[in-house]
Amino acid sequence: MINLESCRIALKELPPHIKNAEFNIEKNTSYLVKVTGKEVAGNSYSDITEVFVRASGEKTGFAYTQDLNENPKDLITKAYNNSLDIEFSNLNILNKEGRYEVLPENTVNLQEMVNYARLLEEKLLKSHKSIESVVVESRTDINRSSILNSYGLDKRYERKVSYLSAHIVAKYQDKVYNLSNAMSGRQYRDIDMEDIIDQVINQLESQFNARSYKSGVYSCLLDKSVMVNIMMTAWQLFSGIKYSDSALTGRLNSTIGSAAFTLIDSPAHHKTGYHYRFDCEGTEAGENILVENGYLKGLMHNILTAHSVGHKPTGNAGRYALLSGTIPTDIIVVPKILYIKPGKKDRRDLLKQLKDGIYITESYDVFHSINISSGNFSIPCRGSLIRNGKKAENITEMTISGNLIDLFKNIKEVGNDIYIEEFLKKSYCIGSPSVIVTNLNVNAG
Amino acid sequence: MINKKNISEIIKTALSTGGDFAEIFLEDKDELRINYKRNKVTAITTSRIKGVGIYILLGSRSVYLHTNDLSQSSLLETAKVGAEFLANKQSSNKLNNINFNCSKSINPNPIKTLPSLIAHNKKIDILKEITDYSYKIDKRVINMDSTYFDNDQKIAIYNSEGLHAVDRRINSKIRLGATVGQEGSYYDEWEDFTKAKGFEAFENNEEYLDFAHSFITSLVGNIDAVPFESCRVPVVFEGGNCGTFWHETCGHQLESYAIARNSSDFEGLIGQKVASDKVTLVDDGTIAGLYGSAAIDDEGNPTKRNVLIEKGILKGYLVDRLGGRLLNMPSTSSGRRQGYTFAPTSRMTNTYLQAGEDCEDEMISSVEKGVFVKKLGGGTGGREFSIAVKEGYLIEEGRITKRLKGLILNGRGIELIKKVDRVGKKLVTEDGSFCGASSGLCPVTSFQPRMRISNMFVGGK
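Residues numbered from 1 in each chain as written. Chains lettered and ligands numbered in written order. Predicted model: local features only at pLDDT ≥ 70, side-chain atom pairs only at ≥ 80, totals over all residues. Heavy atoms only, no water.

Trainee: Provide a residue-level description of the interface of chain A and chain B, including the pertinent values.
Mentor: Counting from both sides, the interface comprises 63 residues of chain A and, opposite them, 67 residues of chain B. Between chain A and chain B, the buried area comes to about 5,500 Å², and carbon and sulfur atoms account for 46% of it. Among the residues of chain A in contact with chain B, A:Tyr45, A:Glu87 and A:Glu397 are the three that bury the most area, contributing 12% of the side total. Counting across the interface, chain A meets chain B through seven salt bridges. For B:Arg232, the salt bridge goes to A:Glu397, with nearest N and O atoms at 2.1 Å. Breaking the side of chain A that touches chain B down by element, the ones donating at least two residues are strand 2 (39–56), strand 3 (60–65), helix 2 (72–83), strand 6 (154–172), strand 7 (175–185), strand 16 (376–387), strand 17 (390–403) and strand 21 (435–444) of chain A. Examining the composition of the side of chain A that touches chain B, we find that ten residues originate from one element, strand 2 of chain A, more than from any other. Taken together, the residues of the side of chain A that touches chain B break down into 22 nonpolar, 29 polar and twelve charged. In the sheet, strand 3 of chain A pairs with strand 2 (residues 40–58) of chain B via four bridges, with the strands oriented parallel. Of the residues in strand 2 of chain B, the one forming a bridge with A:Thr65 is B:Arg48. (Contact = heavy atoms within 4.5 Å. Buried area = accessible area lost by both parts, 1.4 Å probe. Salt bridge = Lys/Arg side-chain N within 4 Å of Asp/Glu carboxyl O. Helix = DSSP H or I, 4+ residues; strand = E, 2+ residues; numbered from the N terminus. Nonpolar A, V, L, I, M, F, W, Y, C, P; charged D, E, K, R; others polar. Pairing = 2+ DSSP bridges.)

Structure below.
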């Protein structure tokens, strides 16, 4: 039976041929309430404990289980046996000390979840006359992370995230439109519903009566959701694992963006409920300025990638980075809360500064339309034509294309409207305000 | 071990506050992954996924719960949480013990060699062979990252109507990742050689080496490809993998999940003309040898063939149990999920455009200026879709000429499928991949004969 105590005993009683071993136990409990028409339309509840094991003799092997009846000693043996055919000596450096335990009393109030969902639904229905129906999901996640290894590292931390998402159906001039928006906070009261509503209305109104437009090179305002969408894939440029095969190769300690571009990876931010204390190797999660005023200062590292370049690990060891049908057990590099540092201007000021150009309000499927090796992108999108600082008409069937490094260099202004989104696998968050970019290729039919 | 008596108790607890249907989904799955990077085995991982999902319905209201604590007390407690979610309905059910009748459905993908019976070193040999071969295909291959996967998923489904159904799905896969390039121009991509088979998937090495050859030559082709000015042109889609077009333009919108949420342009159009006469679109989970096939769907119903569009007329949707309740339609055996951590919902299986009667060569030779799409990448569906083109060419004066780069397709599916003006005679299948949606990642195939859209927007430079 797997529990913390049986794992501790297994680590103390390692057989002599196993040099070290580590358990990472992730217990995730999640409650979800779905509300529409003021009624609860559905609920879900999840309680999953995942156990990741690595064990090393001369090499390192991995094992993973959700079968809580397995014996921790057998799991270590399974991981060790998987190491026997490994041909790459990966050192398997483990953190050697550290104890931490903060387990706050995280409770779930289902009625509160229903109340907030109803409130958001009501506000959205009142916010725009074209909105016909709204489904709101409120979700509370409690994640308890435990890392313990044969060197005595023994850390535990618990995080609670409250999350509201809204799915809207709107009808305007006989055409039906769908859109969604979501936000998280440590508590439901921390979530700014007005931000959700503002974003919904902005995107909705940008869809009405859209037509195609002509190709050209334009100054554009990229909405915060578009920048988040881009950075949801582009963050890999700043990973210690991808760096050597990416468009940023060889550019560490050089200028890769404009003075307006500062990129930070942080363990906490007031615009999201996510917060991190240590990564999946037990390394403390600190703030890391990756790009400061355009200058690439550092990368995100786990223990191994940091060791390979003589740097310190940055608390970015993780596992869930891409959608995959299999359980990702390898320890890779993932962000915590990676965001572009906001500036001072709101959307209206940004549009005024743009004066004439295109406001890109939505982008699609960036995962398939950015190449990290070359940095090239070609992203389907839609938006509004801006004339004299105001929305003139809506345009669609476009792509924006170019290279990510050029995009970073052409950032002229950064707004104050930061938006932070969780990655689908709930392992990290990406944030950005809206930004003005010059010389952007907009391709249309 | 969870026996039928215990399952009956769990279902009774789940229904104790008025639910009218409950289902227990048990999953036990083993996965193996071997990573081979820079000519060395870098990681071997075994994974065990084991847990239970409890699904409760009351009219159109649903509750889904899942846990991997399989003690009977924990499962009863979880069922109780579900019952309490419905408790405001002030009613209760007194159920007797349920007599489960085990239905036997034959999986269309029989397995010859269980992957778990094969030693790691034989699997590593295959990785080494395909990687070495890939490097030799073109000197511009800079880096290869190859991964071997096999998985063996056993599921059992019990429900309050007495259904007991089981299935075992085994598949094997090699994922090739490659970086190619020269003089500062680099491209990386990955692609899967996927088979709904056991280790016999690799008994003929010509098959997986051909796959590697096709993958590498296609990727290297990007280096000398030319950009394309966005415009509206006729587009010819090659037979096989270009069936992704149907998956993204209308497949997702024909799922009852989308219809019930009012997020589909096909809502309320059954019996009406929605596509050109040349379009007959089918979803069929019974086809032997295909990645999207299974004995049963993930609600225990034997898989079946569903005609979605016939000669341009919308015939039906893909319907799961809850979608059926919301739309007042019977299930089409389309309730699917990645595993026990997801509630089932309507999903595609093997979706294809039925063969037509047009000449494959003529649909290119009659185009003065257009685009030939040989291979599609991933994409997203909805009222508006977007799909990346992995391999595309310019058609000039009826001939395929230059390789193009950076192509992306997007538009409104229901408008485009009216513009299908040619459908070829030869239906070509594909290996398949996974599709990600609200019930997780499900194995699917999407295929077609060569087909042409008379005019559409192609995004490029």
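Trainee: Lay out the domain arrangement of chain A in plain terms, naming residues and giving numbers.
Mentor: Residues and elements named next belong to chain A. Partitioning chain A into structural domains gives domain 1 (4–205) and domain 2 (216–444). Between domain 1 and domain 2, the C-alpha centre-to-centre distance is 22 Å. Taken together, the two surfaces of domain 1 and domain 2 that pack against each other cover about 3,400 Å², and 48% of this comes from carbon and sulfur. Connecting domain 1 to domain 2 are six salt bridges. Scanning the region where domain 1 abuts domain 2 turns up 21 residue pairs in polar contact (both at pLDDT 80 or more). If you list the elements that add at least two residues to the side of domain 1 that touches domain 2, you get strand 1 (20–36), strand 2, strand 3, strand 5 (131–149), strand 6, strand 7 and helix 4 (193–205). A total of eight residues in the side of domain 1 that touches domain 2 trace back to one element, the largest contributor, which is strand 6. Residues belonging to the side of domain 1 that touches domain 2 are distributed by class as follows: 14 nonpolar, twelve polar and 15 charged. (Domains from an automatic or database assignment. Polar contact = N/O pair within 3.5 Å; in protein donor to acceptor, adjacent residues only side chain to side chain.)

Trainee: So what's going on with the pattern of salt bridges? Which residues, and what values?
Mentor: For the structure on display, the rule yields 63 salt bridges over all chains. Between A:Arg382 and B:Glu384 there is a salt bridge, with the nearest N and O atoms lying 2.9 Å from each other. With one member in each of two chains, A:Arg382 in strand 16 and B:Glu384 in strand 17 (residues 384–396) form a pair that bridges those chains. Residue class for A:Arg382 comes out buried when judged on its relative accessible area of 3%. (Buried < 20%, exposed > 50% of the residue type's maximum accessible area, 1.4 Å probe, protein only.)

Trainee: Help me get a handle on the packing of helix 3 (residues 110–127) of chain A against helix 4 of chain A, residues and values and all.
Mentor: All names here are of chain A. It is the contact of helix 3 with helix 4, at a shortest axis distance of 10 Å, that shows an interaxial angle of 40 degrees. Note that helix 3 runs across helix 4; the crossing there is right-handed. Between helix 3 and helix 4, the residues in contact are Tyr116, Leu119, Leu120, Lys123, Leu124 and Ser127 and Met193, Glu194, Ile196, Ile197, Val200 and Ile201, respectively. (Axes fitted to C-alpha atoms, helices over the stretch in contact; angles between N-to-C directions. Left-handed = near helix turned anticlockwise from the far one by under 90°.)

Trainee: So, the sheet that holds strand 10 (residues 288–292) of chain A: which residues are in play, and what are the values?
Mentor: Note on sheets: strands pair through backbone hydrogen bonds, and any given pair is parallel or antiparallel. Residue and element names in this part refer to chain A. An order of 11-10-9-14-20-19 is seen for the six strands of this open sheet, with the pairing classed as mixed. For this open sheet the edge positions go to strand 11 (295–296) and strand 19 (419–422), each flanked by a neighbour on one side alone. Taken together, the four bridges between strand 9 (residues 263–266) and strand 14 (residues 337–340) define a ladder with antiparallel strand orientation. Across the sheet, Ser266 pairs through a bridge with Ile337, a residue of strand 14. On the sheet, helix 5 (residues 224–234) packs against strand 9, strand 14, strand 19 and strand 20 (429–432) and is oriented at approximately 140 degrees with respect to strand 20.

Trainee: I'd love a proper account of the nonpolar core, names of residues and values included.
Mentor: All names here are of chain A. Membership of the largest hydrophobic core comes to 118 residues, with the highest contact counts inside it found for Leu222, Ile230 and Phe238. The element that contributes the greatest number of residues to this core is helix 5, accounting for seven residues. Apart from the residues lying within four places of it in its own chain, the contact partners of Phe238 are Met231, Leu248, Ile256, Leu263, Leu290, Val291, Leu296, Leu299, Met300 and Phe408. (Core = buried A, V, L, I, M, F, W, Y, C linked by side-chain atoms within 4.5 Å.)

Trainee: Please give an account of unusual backbone geometry that cites residues and values.
Mentor: Positive phi outside glycine occurs at A:Asn439, with the angle close to 55 degrees. Along the chain, A:Asn439 turns up in strand 21. Even without being glycine, B:Ser333 reaches a positive phi, approximately 60 degrees. Residue position: B:Ser333 is located in the loop between helix 7 (321–327) and strand 13 (335–336).

Trainee: Outline the domain arrangement of chain B, supporting the account with residue identities and numerical values.
Mentor: Residue and element names in this part refer to chain B. According to the domain assignment, chain B contains domain 1 (4–103), domain 2 (115–153 + 167–224) and domain 3 (231–459). Taking the mean C-alpha position of each, domain 2 and domain 3 sit 26 Å from one another. Listed by partner, the interface residues are 20 residues for domain 2 and 18 residues for domain 3. In this assembly, domain 2 packs against domain 3 so that about 1,500 Å² is buried in total across both faces, 37% of it on carbon and sulfur atoms. Among the residues of domain 2 in contact with domain 3, Arg169, Thr194 and Ser218 are the three that bury the most area, contributing 30% of the side total. The tally of links from domain 2 across to domain 3 stands at four salt bridges. Residues Glu191 and Lys375 are paired through a salt bridge, measuring 3.3 Å at the closest nitrogen-oxygen approach.

Trainee: Residues and numbers for the pairing of strand 14 of chain A, please.
Mentor: Residue and element names in this part refer to chain A. Side chains Ile337 and Tyr339 of strand 14 all project onto a buried face; the interleaved residues Leu338 and Ile340 project onto the opposite face, where all are buried too. Both strand 14 and strand 20 contribute to a ladder of three bridges, which runs parallel. Of the residues in strand 20, the one forming a bridge with Tyr339 is Gly431.

Trainee: Before we move on, can you summarise helix 2 of chain A with the specific residues and values?
Mentor: Helix length check: helix 2 of chain A (twelve residues) gives 17 Å between terminal C-alpha atoms against 16 Å at 1.5 Å per residue, within 8%. Of the positions making up helix 2 of chain A, those classed as buried are A:Pro72, A:Leu75, A:Ile76, A:Ala79, A:Tyr80, A:Asn82 and A:Ser83. In an axial view of helix 2 of chain A, the angular spread of the buried residues amounts to 160 degrees, which keeps them on one side of the axis. Along its buried surface, helix 2 of chain A packs onto helix 1 (4–12), strand 1, strand 2 and strand 3 of chain A together with strand 2 and helix 3 (120–137) of chain B. (Expected span 1.5 Å × (residues − 1). Arc of directions from axis to C-beta.)

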